[in-house]
Amino acid sequence: MPLNTLRFLLLLVCLVPVAGRAQVTVSPPYPTIDDAVTITYNTTQGNAALVGVSPVFAHTGVLTSTATDPGDWTFQISDWFSGFDSTILMTPGAGPLHSISFTPRNFYGIGGNVEPKALAFVFRNETGTLAGKNADNSDILVPIYPDSAFCGVFASHPVSPSYYSPGDSVNPEVRTNAVSSISVFRDGVFQGQASTSQSFIVGMAAGAPGKYELTFQATQGANTYTDTAYYVVEAPVAIGPIPTGMRDGINYTSNTTATLVLQAPNKDRVYAIGDFNDWEVDPAYQMNRTPDGERYWLELTGLTPGQEYRFQYLIDRQTRVGDPWAEKVLDPFNDGGINNFVYPNLIDYPESKTEEFVAVLQTAQAPYNWQVNNFSAPDNRDLVIYELLVRDFVIRHDWQTVMDSLDYLESLGINAIELMPFNEFDGNSSWGYGPAFFAAPDKYYGTKDKLKEFIDACHARGIAVIQDVVFNHAFGQSPRVRMYQDRNTLEIFTNSPWFNQTAPHPLGLGYDFNHQSSYVHEFVDSVLSFWVHEYKVDGFRFDLSKGFTQTFTGQDIGAWSQYDLSRVNSIKRIASRLWQYHPGKWVILEHFANNNEETELANFGCMFWGKASDPYYQSAMGYEQNSDFEFAMSYQARGWSFHNLIGFMESHDEERLMYENVNFGNSWSGYDTRDTTTALERMGLVATFFFTIPGPKLLWQFGEYGYDFSINFGCRTCPKPVVWFYLNDPRRLRLKKIYAALIKLKTNYPNTFRTNSYNLSAWGKQKQIHLNAPMNATIIGNFDVVDQWTWTGFQNTGWWYEYFTGDSINVTDVNMNILLGPGEYRLFTDQRLPVPDLDVSFLTEVAAPELIQASFVETWPNPTTARVNFGIDLEESGEAHLRVADLQGRIVARVQKGWLNAGHHELTWDGRNDAGQELSSGTYLYHFEGAGKTSSGRIIIAK
């Protein structure tokens, strides 16, 4: 007899309330979800593992109608190692008895549309080293009865399906809460009857391989109650090679067929369950196993072209996962928080059918029509990368709005966007470093085609796209984690192909990838190739690449940072494989290991994040100690052969430069770097000593405005204010224009700003940069809080020109000094260049640092070069007016006048006044009134 059958029969014995012998007794004996229930556990019964133990804790969860195995718990109260947890502490009684009382719906937090079938228990001691279970060490199950005056349950089949082999006996037992007449049927065929009973067991042969439905009908006078369950008689797993040309994941072979391939070594049996078989385990959908035992595969036929099918894999009767290579997955916990305008017509999660993440397949999808097929990425020496978190960059947190903002980013002059992780991650509102599915764009930002359209639009503007990828770890929703994970302790099994049981290094986030495993090699290579091939990304930023090691260093950060040949070889392997098939794609490492290791990898062709935040903090604040940014910013100071150091003053991971300044800056005799105006001026100073250093650069979003909300605003990873309103402040807009002028200088004059011949003098408060090229440049700055004579060190005599002002100076002494006020700086070249436009006179007011408030009126893109969309949600119908005015309150455009029905409306304004003339750059006000509501806000036109 199969193990599950034995477990169910033993379970029945345990649930019979025989005084003095029952392992568990239940009061009331036929509990519903809303009853006050008392569970009493006898430590001497079952496996008797807790005899004499006190205190005793009830580790517990719920089996719902979607459970596919008696161990498939949901609504689990706490984890196994929660220690002394008063929530599940049992009250000691007489002798070996311990009890706990609760109302199931409230205790477990069971939602209204969930159908519980049984409560599941494993009792434990405080440390979790002892577990009280059934005599066969299976979980203890307490059936939950329907909330009905007269009802019954299949007590022997609280979970569907149960599994049998040909030749087994099936002994379904029905229990009712009152004496009744009970009849049992299999696939509609009568099997037996008890005329007056509360319990009835009928015996039958399991039958041939297939799926069988059990039905009981209980009758008490005029009352009849019916319920169903089903069981599966399993056939041997078919062995056969995967059809030619199939890869891991979903393979679309025609408009009506698809072949599923799952890599699952060391697994015994896999079923496909989904919309195509009503989410029931069916031997017809048992997957074939390859001769080497590595993979399972199944061909699906008869699919409707273009229809979305939701599905999962059921592995070894216990674990359900979505396809690890799915490009679209459904999240039962977070999809409800995705707006329809972000992801239109998102298919519903199959509630009451299953649990956990679900994959989606769809044949006959229309391929995205790429407009740019020959994009040439910028020279990496000239890179100016804008690091961006979609959630905190635009209020609508979607690809469309970021795409609408490309005019702005193009005007800033950047030539690459680095996107924080956007493959499907745990939760919605996140930095993205909890990856779950590595080939699915997270739906919180929009559809996969909208992401492709965004990348296409970037390429059309000469902007490269860099994807932040996470291969140090994954988190609990990852199917690769869940396939080899203990469901109670959540620990990784020793036979996991991908993960370590314990991270060998100090930053062991989530579940740590084993980068010496050939499975991880294949996985990483395939993920990178997928995103290049399908989405045309131009490079990758590898998060926490120092973790790509199996060298055990425990919690010793210093030891972890030492040269590690295995880690070097691992990264070289990744890069070589990527370049073999996709030449020229950037490999950018967040590494921060010792310089000898980084030097070897940099000379191999990898680029590195170069953290320079600390010395720039000190420099901007007017302090000398630790203000030397030469080693942090100069590849030559590190002894590298190539410009492979991506310097940054700020990143998503660092405190904001402006925040440091206004809170901790230096001051002297009326000059205070903590003053907002002064601090913003000093942002221009440090920017000039940042962008002009040869080598690629990275800036964090809104750094060009002096973003001054702390990284810990709310919490470190909490949503941050989206600050397009900074454009109303002429001081901040001028800083943005200084950033743009420096970036264009760097990218338009590469012979100077990628030179190999340069000198940095960055150790004191008087700093200089000398760039030696056909066009020489000398940059000087006074980082002090008092006036200082600053040495120049011009490369030659003759006329020199100050970039920002156009002023000229005839140099007769190359070692001349120039008096600079506190925070002043000069950028000289020995060739005259166009003077950048830093004019902000069209802004006459300094806006208060306010947050954009939620409203029933949304605008996008905002800022804009012209066109603006208005999204308006009305609860009732009525006459409505939408007007645009200038800062003096004069109406310049009437966007809407007339009746609007209740519901969602999207209106478009083309940026012209009522006379049809294009409006100039500046800030405008909109005002909506109608249907009993009003709303006002700002529109920023930035051409």
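Each remark here, short or long, concerns the structure printed above.
A brief report on the enclosed structure follows. (Residues numbered from 1 in each chain as written. Predicted model: local features only at pLDDT ≥ 70, side-chain atom pairs only at ≥ 80, totals over all residues. Heavy atoms only, no water.)

## So, the nonpolar core
Core analysis: the largest hydrophobic core is formed by 179 residues, its most contacted members being Ile 414, Ile 417, Phe 454, Phe 471, Phe 542 and Tyr 616. Apart from the residues lying within four places of it in its own chain, the contact partners of Ile 414 are Val 384, Tyr 386, Leu 409, Ile 463, Leu 699 and Ile 743. In terms of nonpolar packing, the next biggest core, distinct from the first, is built from 25 residues, Val 153, Val 184, Val 202 and Ala 206 among them. (Core = buried A, V, L, I, M, F, W, Y, C linked by side-chain atoms within 4.5 Å. Buried < 20%, exposed > 50% of the residue type's maximum accessible area, 1.4 Å probe, protein only. Contact = heavy atoms within 4.5 Å.)

## Looking at the pairing of strand β43 (residues 808–811)
Only one face of β43 is covered, namely the one carrying Ile 809 and Val 811; the face carrying Ser 808 and Asn 810 has none of its residues buried. Relative to β43, strand β42 (residues 798–802) runs antiparallel, the two being bridged by four bridges. Bridge pairing links Trp 800 to Ile 809 in β43. In sequence, β42 turns back onto β43 through a hairpin of five residues, with Gly 806 there showing a positive phi of about 80 degrees. (Helix = DSSP H or I, 4+ residues; strand = E, 2+ residues; numbered from the N terminus. Pairing = 2+ DSSP bridges.)

## Focus on the side chain of Gln 312
Of note, Gln 312 is situated in strand β22 (residues 308–315). Owing to a relative accessible area of 0%, Gln 312 belongs among the buried residues under this scheme. In this structure the side chain of Gln 312 is engaged in a polar contact, spanning 2.5 Å, whose partner is the side chain of Thr 354. A polar contact is formed between the side chain of Gln 312 and the backbone oxygen of Phe 357, at a distance of 2.8 Å. Those residues in contact with Gln 312 that sit more than four places away from it in its chain are Tyr 271, Ala 272, Ile 273, Trp 279, Arg 320, Val 321, Gly 322, Thr 354, Glu 355, Glu 356, Phe 357 and Val 358. (Polar contact = N/O pair within 3.5 Å; in protein donor to acceptor, adjacent residues only side chain to side chain.)

## Description of the packing of helix α10 (residues 565–581) against helix α11 (residues 595–604)
Where α10 meets α11, the closest approach of the two axes is 11 Å, and the angle between their N-to-C directions is 15 degrees. It follows that α10 is roughly parallel to α11 by the angle criterion. As for the relative orientation of α10 and α11, their crossing is right-handed in sense. Residue-level contacts link Arg 567, Val 568, Ile 571, Lys 572, Ala 575, Ser 576 and Trp 579 of α10 to Glu 597, Glu 600, Leu 601 and Phe 604 of α11. Grouping the amino acids of the contact of α10 with α11 by side-chain chemistry returns six nonpolar, one polar and four charged. (Axes fitted to C-alpha atoms, helices over the stretch in contact; angles between N-to-C directions. Parallel < 35°, antiparallel > 145°, perpendicular 65-115°, else oblique. Left-handed = near helix turned anticlockwise from the far one by under 90°. Nonpolar A, V, L, I, M, F, W, Y, C, P; charged D, E, K, R; others polar.)

## Comments concerning unusual backbone geometry
Leaving glycine out, the prevailing phi sign among residues is negative, and the prevailing peptide bond configuration is trans. Cis geometry marks the peptide bond from Ser 27 to Pro 28; its omega dihedral reads 0 degrees. Following the sequence through the fold, Pro 28 ends up in the loop between β1 (24–27) and β2 (37–42). Along the chain, Ser 54 connects to Pro 55 via a cis peptide bond; the corresponding omega equals 5 degrees. Along the polypeptide, Pro 55 turns up in the loop between β2 and β3 (57–64). Residue Asn 137 is not a glycine yet carries a positive backbone phi of 65 degrees. Structurally, the position occupied by Asn 137 is in the loop between β7 (131–132) and β8 (140–143). Look at Ser 352: it is not a glycine, yet its phi comes out positive at around 70 degrees.

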